[in-house]
Amino acid sequence: MSNPNIILDIPNFPTHLKHDILNGKTIIFVGSGFSRLAGMPSWKELAKRRLEEVRKRELISYETYHHLLNEKPLKILSICENFLDREKWHDCLCAGRDREREKQIAALLAPFDSGFITTNYDDLLELVPIENPSNAVTKFHKPHTGTKNYHVKEETTFDSFLIQPKHKVYYLHGKDLSDTNPPICTLQDYFKHYRREGKGRQILEELCAKKSILFIGVGLEEFEILEHIHMSRYENQHYALIPMFLYEEKILKQYRAYYGILNIDILPYNISKNGYEQLENVLKEWGQILLHEKDSFDDVSKHLQNNVLIDGVAHGLD
């Protein structure tokens, strides 16, 4: 048995998680680390872009700008909200987008064939292609203009998402420039969203109670939200692909114990060589494993169906 406290380039794919994904029991929770692969800003980078825009307009001094750079992203974004309107939010989020690169990165999640929930504000997950769509899917998930491919679709109601999450994405923190689901990005937004009776808290409680979750592109510091949710009350096992440097092996055991309280199994991958881009290699490898397993699963299903058909014919001849 491999040592669970060794950080590998490609982490082992837990058998139970693999089966849950193939059987549609897992929701993929996507963080900013995934969008960064496509050139989108991280939470911290987005805050810096907003702050730079405030400074560019000479609404604050350089001294204030320099001091705020060291603050947490939520504090920076909350302060910037006093100076900038939401149109500039879009500019900071989407500057220099490369749609072809975004399509390449989005395709990494196609083999997971799952539903997605995200704290990201961009629409990257709506570029995830759907392989072999059924009639039910094609009815609701229209292909992008000029293509024959079908893609994951936004679901605006969480209850509907939870009932039928496959090939859908729910934006937990809102979506860029959305009127129906505006971005949650200030301290006041967070207080309202995650207070005891807040929408965000209720969503996470229900999600953890009814589904197994795989976290992708979510750093350990981003689990602060989950630390306020009583995940340990529920039996579902959750998993998190976590970027780590090799020197962090010495503390990995303690990380596992801490997040084990939240029923989260830490699956670290080594970023000492390739940096955070190593996530792309992990998803490619895991995607190939899922496709291979799915082919085997389909072959067994067809075999069983054929046997049932043959038995039916044989009984008809009796």
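Residues numbered from 1 in each chain as written. Predicted model: local features only at pLDDT ≥ 70, side-chain atom pairs only at ≥ 80, totals over all residues. Heavy atoms only, no water.

Visitor: Give a detailed account of the overall build of the chain, specifying residues and quantitative values.
Guide: On a plain count of helices and strands, the chain comes out with 13 helices and nine strands. Here the chain holds 318 residues, and the buried ones make up 45% of them. Counting only contacts in the chain whose residues sit at least 6 apart along the sequence, the fraction spanning at least 24 positions is 73%. (Helix = DSSP H or I, 4+ residues; strand = E, 2+ residues; numbered from the N terminus. Buried < 20%, exposed > 50% of the residue type's maximum accessible area, 1.4 Å probe, protein only. Contact = heavy atoms within 4.5 Å.)

Visitor: An account of empty space enclosed by the protein is needed here, citing residue identities and associated values.
Guide: Taken as a whole and assessed by the stated rule, the structure comprises one cavity of 30 Å³ or more. Quantified by volume, the largest cavity comes out at close to 40 Å³. Around the largest cavity, the lining residues are L109, A110, D113, S114, F116, V128, P129, I130, E131, V152 and H167. Of the residues belonging to the lining of the largest cavity, the class tally is seven nonpolar, two polar and two charged. (1 Å grid on protein atoms, 1.4 Å probe; cavity = no way out; pocket = protein on both sides within 12 Å on 5 of 7 lines; lining within 4 Å. Points joined across faces, edges and corners; volume = space filled by probe spheres on them. Nonpolar A, V, L, I, M, F, W, Y, C, P; charged D, E, K, R; others polar.)

Visitor: Before we move on, can you summarise the pattern of salt bridges with the specific residues and values?
Guide: This structure, assessed with the given rule, holds 19 salt bridges. Across the pair E45 and R36 runs a salt bridge whose closest N-O atoms are separated by 3.9 Å. With a shortest N-O distance of 3.2 Å, E71 and K75 are connected by a salt bridge. Exposure remark for E71: the relative accessible area of 23% places this residue in the partly exposed category. Salt bridges here are not isolated pairs; linked through shared partners, they connect R97, R99, E102 and D123. (Salt bridge = Lys/Arg side-chain N within 4 Å of Asp/Glu carboxyl O.)

Visitor: I'd like a description of the packing of aromatic side chains, backed by residues and values.
Guide: Inspection of every chain in the model, using the stated rule, returns 11 aromatic pairs. For the ring pair Y62 and Y65, a centre distance of 5.8 Å and an interplane angle of 45° mean the geometry is tilted. Within this pair, Y62 and its partner Y65 are both found in helix α4 (residues 62-68), separated by three residues, close to a single helical turn. Relative to Y170, the ring of F161 has its centre 6.2 Å away and its plane inclined at 35°; by these criteria the two rings are tilted. Taken together, W43, Y121, Y190 and Y194 form an aromatic cluster joined through their ring pairs. Above the face of the F13 ring, K18 is positioned so that its terminal group lies 5.9 Å from the ring centre. The ring of Y276 has R36 lying over it, and the distance from NZ or CZ to the ring centre is 5.1 Å. (Phe/Tyr/Trp six-rings, centres within 6.5 Å; stacked < 30°, edge-to-face > 60°. Lys NZ or Arg CZ within 6 Å of the ring centre and 35° of its normal.)

Function cannot be inferred from these measures alone, as they are strictly geometric.
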